[in-house]
Amino acid sequence: MDNTRDVTEHSPRSERKRRDSFGMFDGYDSCSEDTSSSSTSDESEDEVTSLPASLPLIKTNGQVYTYPDGKSGMATCEMCGMVGVRDAFYSKTKRFCSVSCSRSYSSNSKKASILARLQGKPPTKKAKVLQKQPLVAKLAAYAQYQASLQQNQTKSKAAVTVEGFDWGHYVWSNKFVGAPVSCFKHVPMGTHWGDVAEGVRVEVPNTDCNLPTKVFWIAGIIKLAGYKVLLRYEGFDNDSSLDFWCNVCGSDVHPVGWCATSGKPLVTPRTIQHKYANWKAFLVKRLTGAKTLPPDFCAQVVESMQYPFKTAMRVEVVDKTHLCRTRIAVVESIVGGRLRLIYEECEDGTDDFWCHMLSPLIHPTGWSRSIGHRFKRSDGSKKQEGHCDASAQLFAKVKDVDQSGEWFQEAMKLEAIDPLNLSAICVATVRKVLAEGYLMIGIDGSEAADGSDWFCYHSTSPSIFPVGFCEINKIELTPPRGYSKIPFKWFDYLRETGSVAAPVKLFNKEVPNHGFRVGMKLEAVDLMEPRLVCVATVTRIVHRLLRIHFDGWEDEYDQWVDCESPDLYPVGWCELTGYQLQPPASQSSRENQTSVMKKKKAKSSQYKGHKKTSSSKHRDIIIW
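Residues numbered from 1 in each chain as written. Predicted model: local features only at pLDDT ≥ 70, side-chain atom pairs only at ≥ 80, totals over all residues. Heavy atoms only, no water.

Engineer: Can you help me understand the overall build of the protein in this one?
Structural biologist: Regarding its fold elements, the protein presents 15 helices and 31 strands. Per-residue burial for the protein yields a buried fraction of 55% across its 624 residues. Taking contacts inside the protein between residues at least 6 apart in sequence as the whole, the part at least 24 apart equals 61%. Accessible surface for the protein amounts to roughly 29,000 Å². Of this, 51% is attributable to carbon and sulfur atoms. (Helix = DSSP H or I, 4+ residues; strand = E, 2+ residues; numbered from the N terminus. Buried < 20%, exposed > 50% of the residue type's maximum accessible area, 1.4 Å probe, protein only. Contact = heavy atoms within 4.5 Å. Areas by Shrake-Rupley, 256 points an atom, 1.4 Å probe, with all protein chains shown as cover.)

Laid out in structure tokens, this is it:
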């Protein structure tokens, strides 16, 4: 065991022994001049001065905390992340908190191998047998992830500086609640969020110090809002003066023990340096029984941010100028799983359309022909060099349906969300029955003569409803334009039009346990201007249907969205992925837009902008 002198004294030769071939330390030594010459951290090129001898330090070695008196202290279980007294851990190596964790870890040698690589340790003999990727590749992937997060955070910080919007302040000052990440299965870590909770301890940069190098300290999560967490340094107790918000999936948040494996120093914040005489006893008390993030948390984030779509892939997507047909488009860029598509005939790259890769609006090439949907052929007979058709396996799957028995028929009536005005659920009609369960739906009273504004919904779509749905759930139903009998009664309308209602049993009745609650904050795509992701609130929940309100805007801009829509994201998603977030509209911008809207009332069949207000809402948007 190292003694106190090892904290500030060691030779260059011994330092070289402590480094592996990838420049990673087995443990923390100190910020002396000798160690600075061999560090591979981001600050390796900066001048690093020796730390004051009186500064309380926690020296680490692997996953075990050691102290200047040379005695062992705390350990972190490599399986479940439990932090506890080292002497109470299982086996001689003290790597696990229980026999169960030891056996679970051993049964998954592949996970053990990955964990060892991320910690800079040589893999075990068993792990070597299952090793499929070289250690260099795994470390390179991790380094690339850290660099990409830092780049994305730089963009996000610049945007916040311009607009002055801060999610943490917005949530905390107004006592808002952010929708949990577990509500969004399509986002990074959406299906692996169980390890993040209040009380979890992490290692983060220590900003309460005067040292010229980057140092760290342990903090606890005291509040969550999506990806954003409010942290408080250990030792501050009820003092919230230095509490701060950060993105838990960001590059500066690590599980307890990361400093040990990365050669980073844990330094007590200056404000509480002299608060406790015995730091060993303090940490033993605070960390015993505490939880931290899994050791491979960063690797999980990396994996969840890999997207199967690539640039230059060709897809079929709805034609935003004629909703009844699709066109070929090419993936131009991918941000957080969102695709910027350029219609194939566009030469200058300005005719674009944004959607998520799991959106029901995109399909593999050949889809329209296979189901009988309208399709606009490109002028070019051959696709451009370098372009390739996206595999059908990459697209969202729809449920198989049996159309052989009782099924939807043309002219049947139903209720549907208006694709040109997503705040309204309208009286609608089945205009055409396609193959594989798809339907062409028209909104009664506002259809174009040529059917160019018919919209394709799958029979299992959560955006179509049986007759009477709105009345049962106390939602205002928009009657056909020009219909004079108010209030609208379905019985009278069906009799007058000689129509029949689509059978209730044909509609999707599944309601998942989505976890959303009224008042929760999130980031949501404005589907009328789908390149925009805005600060939003859930204002109503009807089964699986969510009413999304865009903060700072009038209720007329609200949109009905399904709880599993890929166009909804947790607080902090834009920051994590580098996408531009639109902050709440200010009072002055709302007044300006209201005056503009009074002058513009022309209806547009383009899939952007509201039916009656065009797209004037977004004149003062933030542009990348």
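Engineer: So what exactly am I meant to see when it comes to the side chain of Arg327 here?
Structural biologist: Tracing the backbone through its elements, the reader meets Arg327 in strand β14 (residues 322-335). Aside from chain neighbours lying at most four places away, what touches Arg327 is Val315, Glu316, Val317, Asp319, Tyr343, Glu345, Asp351, Phe375 and Lys376.

Engineer: Would you mind going over the environment of Asp389 with me for this structure?
Structural biologist: Within the secondary structure layout, Asp389 lies in strand β19 (residues 388-389). A relative accessible area of 34% means that Asp389 is categorised as partly exposed. Between the C-alpha atoms of Asp389 and Gly366, which are 23 residues apart in sequence, the distance is 9.7 Å. When neighbours within four sequence positions are excluded, Asp389 is seen to be in contact with Arg314, Thr365 and Lys383. Here Arg314 takes part through its side chain, which lies 2.6 Å from a polar atom of the side chain of Asp389. (Polar contact = N/O pair within 3.5 Å; in protein donor to acceptor, adjacent residues only side chain to side chain.)

Engineer: Please explain the packing of aromatic side chains as it appears in this structure.
Structural biologist: For any two aromatic rings, the description comes down to two numbers: the centre-to-centre distance and the angle of the planes. Here the structure, examined in full by the defined rule, presents 26 aromatic pairs. Taken together, a centroid distance of 5.4 Å and an interplanar angle of 45° make the contact between Tyr233 and Phe244 tilted. Taken together, the residues span a long stretch of sequence, with Tyr233 in strand β8 (residues 228-233) and Phe244 in strand β9 (residues 244-247) at a distance of eleven residues. Its relative accessible area of 3% is what places Tyr233 among the buried residues. (Phe/Tyr/Trp six-rings, centres within 6.5 Å; stacked < 30°, edge-to-face > 60°.)

Engineer: For this particular structure, what's the right way to read the nonpolar core?
Structural biologist: With 131 residues, the main nonpolar core has Cys249, Phe309, Leu341, Ile425 and Ile548 as its most contacted residues. Those residues within four positions of Leu341 in sequence are excluded, and the remaining contacts are Val315, Val317, Ala329, Val330, Val331, Asp351, Asp352, Phe353, Cys355 and Ile362. (Core = buried A, V, L, I, M, F, W, Y, C linked by side-chain atoms within 4.5 Å.)

Engineer: I tried to follow the environment of Pro479 on my own but got confused; where do I start?
Structural biologist: The topology assignment puts Pro479 in the loop between β25 (477-478) and α13 (490-497). Taking relative accessible area as the criterion, Pro479 reaches 26% and is therefore assigned partly exposed. On a C-alpha basis, the gap between Pro479 and Gly445 in space is 8.2 Å, while along the polypeptide they are 34 residues apart. Residue contacts for Pro479: discarding those within four places in its chain leaves Val427, Ile486 and Phe488.

Engineer: Can you walk me through unusual backbone geometry in this structure?
Structural biologist: Apart from glycine, the bulk of residues carry a negative phi angle, and the bulk of peptide bonds sit in the trans form. Note that the residue after Ile486, namely Pro487, is joined by a cis bond; omega there is 5°. As for its placement among the helices and strands, Pro487 is situated in the loop between β25 and α13. The backbone of Asp237 sits at a positive phi, close to 50°, despite the residue not being glycine. Structurally, Asp237 can be placed in the loop between β8 and β9. Relative accessible area serves as the criterion here: at 30%, Asp237 is assigned to the partly exposed category. For His543, which is not glycine, the phi torsion reads 60° and is therefore positive. Mapped onto the secondary structure, His543 falls in the loop between β27 (533-542) and β28 (545-550).

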